[in-house]
Amino acid sequence: MAHMAFTVGFDLDMTLIDSRPGIRACYQALSERTGTYIDADLAVTRLGPPLAEELVNWFPAEEVEAVADEYRAMYPTIAIAATPALAGAREAIAAVRQAGGQAIVVTAKYQPNAKLHLAHLGLEPDAVIGDLWAEQKAEALREHEAAVYVGDHVGDVRGARTAGALSVAVATGPCSPEELRAAGADVVLTDLSEFPGWLSDYRPARA
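We now turn to the structure provided with this report. The shown structure was predicted, so the numbers you read here are calculated from the model rather than taken from an experiment.

## Comments concerning the pattern of salt bridges
Link 1 in the chain: What the rule picks out here adds up to ten salt bridges.
Link 2 in the chain: Notably, a salt bridge pairs Asp11 with Lys137, separated by 3.0 Å at the nearest N-O pair. Within this pair, whereas Asp11 is found in the loop between strand S1 (7-10) and helix H1 (20-34), its partner Lys137 is found in helix H7 (residues 137-143), the two being separated by 126 residues in sequence. Of the two residues examined, Asp11 and Lys137, each falls in the buried class.

## A look at the pairing of S1
Link 1 in the chain: Judged by which residues are buried, S1 turns out to be covered on both faces: Thr7 and Gly9 on one side and Val8 and Phe10 on the other are all buried.
Link 2 in the chain: As paired elements, S1 and strand S2 (residues 102-106) share four bridges and run parallel to each other. What sits directly across from Val8, in S2, is Ala103.
Link 3 in the chain: Pairing geometry for S1 and strand S4 (residues 146-151), over four bridges, is parallel. Bridge pairing links Phe10 to Val150 in S4.

## A look at the sheet that holds S2
Link 1 in the chain: The strand order across the open sheet formed by six strands is S3-S2-S1-S4-S5-S6, and the pairing between neighbours is parallel. Edge strands, defined here as strands with exactly one partner in the open sheet, are strand S3 (127-129) and strand S6 (187-189). The average angle at which neighbouring strand axes cross in this sheet is 20°, direction not considered.
Link 2 in the chain: Across three bridges, strand S5 (residues 166-170) lies against S6 in parallel orientation.

## Some points on the side chain of Ser19
Link 1 in the chain: Locating Ser19 in the fold gives a position in the loop between S1 and H1.
Link 2 in the chain: Of the polar contacts made by the side chain of Ser19, one reaches the side chain of Asp13; its length is 3.4 Å.

## Some words on the packing of H1 against helix H4 (residues 64-79)
Link 1 in the chain: The N-to-C vectors of H1 and H4 enclose an angle of 125°; their axes lie 9 Å apart at closest approach. With respect to their mutual orientation, H1 and H4 come out oblique. The crossing of H1 and H4 is right-handed. Together, Gly22, Ile23, Ala25, Cys26, Tyr27, Ala29, Leu30, Arg33 and Thr34 of H1 and Val67, Glu70, Tyr71, Met74, Tyr75, Ile78 and Ala79 of H4 make up the contact between the two elements.
Link 2 in the chain: Grouping the amino acids of the contact of H1 with H4 by side-chain chemistry returns twelve nonpolar, two polar and two charged.

## Considering the nonpolar core
Link 1 in the chain: Of all hydrophobic cores here, the largest spans 30 residues; its most connected members are Phe10, Leu16, Val150, Leu192, Phe195, Trp198 and Leu199.
Link 2 in the chain: At the level of secondary structure, the elements contributing two or more residues to this core comprise S1, helix H5 (89-98), S2, helix H6 (111-121), S4, S5, S6 and helix H10 (195-206).
Link 3 in the chain: Per element, the largest residue contribution to this core is five residues, and it comes from H5.
Link 4 in the chain: The contacts of Phe195, once residues within four sequence positions are left out, are Val8, Phe10, Ala92, Val96, Val150 and Leu189.

Basis of the calculations
As a convention, each chain's residues are numbered from 1 in the sequence order in which they are written. Local features are withheld for residues below a pLDDT of 70 in this predicted model, meaning they are given only at 70 or higher, and side-chain atom pairs are given and counted only at 80 or more; totals for whole chains, interfaces and linings count all residues. Hydrogen atoms and water are omitted, and side-chain values are computed over all heavy atoms in the structure. Salt bridge, as used here: a side-chain nitrogen of Lys or Arg that lies within 4 Å of a carboxyl oxygen of Asp or Glu. Here a helix means four or more residues in a row that DSSP labels H or I, a strand means two or more in a row labelled E, and each is numbered from the N terminus. Only protein chains enter the calculation, and the probe is 1.4 Å; a residue is then buried if its accessible area is under 20% of its type maximum, exposed if over 50%, and partly exposed in between. DSSP calls a pair of strands paired once it identifies at least 2 bridges connecting them. Lines fitted to C-alpha atoms define the axes, with helix axes restricted to the stretch in contact, and inter-axis angles between N-to-C directions lie between 0 and 180 degrees. As used in this structure description, the phrase polar contact means that two N or O atoms lie within 3.5 Å; if the pair is within protein, one of them must be able to donate a hydrogen and the other to accept it, and residues adjacent in sequence are counted only when both atoms belong to side chains. These descriptions rest on fixed angle ranges, namely under 35 degrees for roughly parallel, over 145 for roughly antiparallel, 65 to 115 for roughly perpendicular, and the rest for oblique. The handedness criterion is simple: a crossing whose near helix is rotated anticlockwise from the far helix by less than a right angle is left-handed, and one whose near helix is rotated clockwise is right-handed. Contacts are residue-level and defined by heavy atoms, with any inter-residue pair within 4.5 Å sufficient. Gly is placed with the polar residues, together with every amino acid not listed as nonpolar (Ala, Val, Leu, Ile, Met, Phe, Trp, Tyr, Cys and Pro) or charged (Asp, Glu, Lys and Arg). For this analysis, a nonpolar core means a set of buried residues of the types Ala, Val, Leu, Ile, Met, Phe, Trp, Tyr and Cys, connected via side-chain atoms within 4.5 Å.

As structure tokens, then:
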């Protein structure tokens, strides 16, 4: 088997998919089921960190693990169909393949639910690794020898830098371009529709 020339990692929420509608609906359903108020509109403005980091704002710490399990169980029937791909997501993955590379997804999302999103949208990365946040993402990026990691959050920038990968940030999530640059992003794009053009320039520069 020929060795792939390079690997590009992508974050999932607010990088490849607009998960806000599905997550909002899931938080609303969780609030109704538990009788606990959750400001779902506020919660979806700060997507990126692990689920528990959001739930601790609404539930006692000792309940968070059980509530998180309930949320994840509800998620497939509520959130998957409501979640679209973001502009340029398909083209970005295709551009990596066309350039002779492989595309992987490294996300803080519960891995089975991450895979459901990708399957529903017909996005087919070479690997999906879930349950990793910020610097933890470096584990998977190193394992897959990723040269580039693309994400929307300063946590994604930290993950890329920890792994020694080039940090490409997209300003489609909760972090502004200025925040992403200040965190150390090497490249900041408006969204993934700019990624294929950037990639075509990047690879000759590597060579």
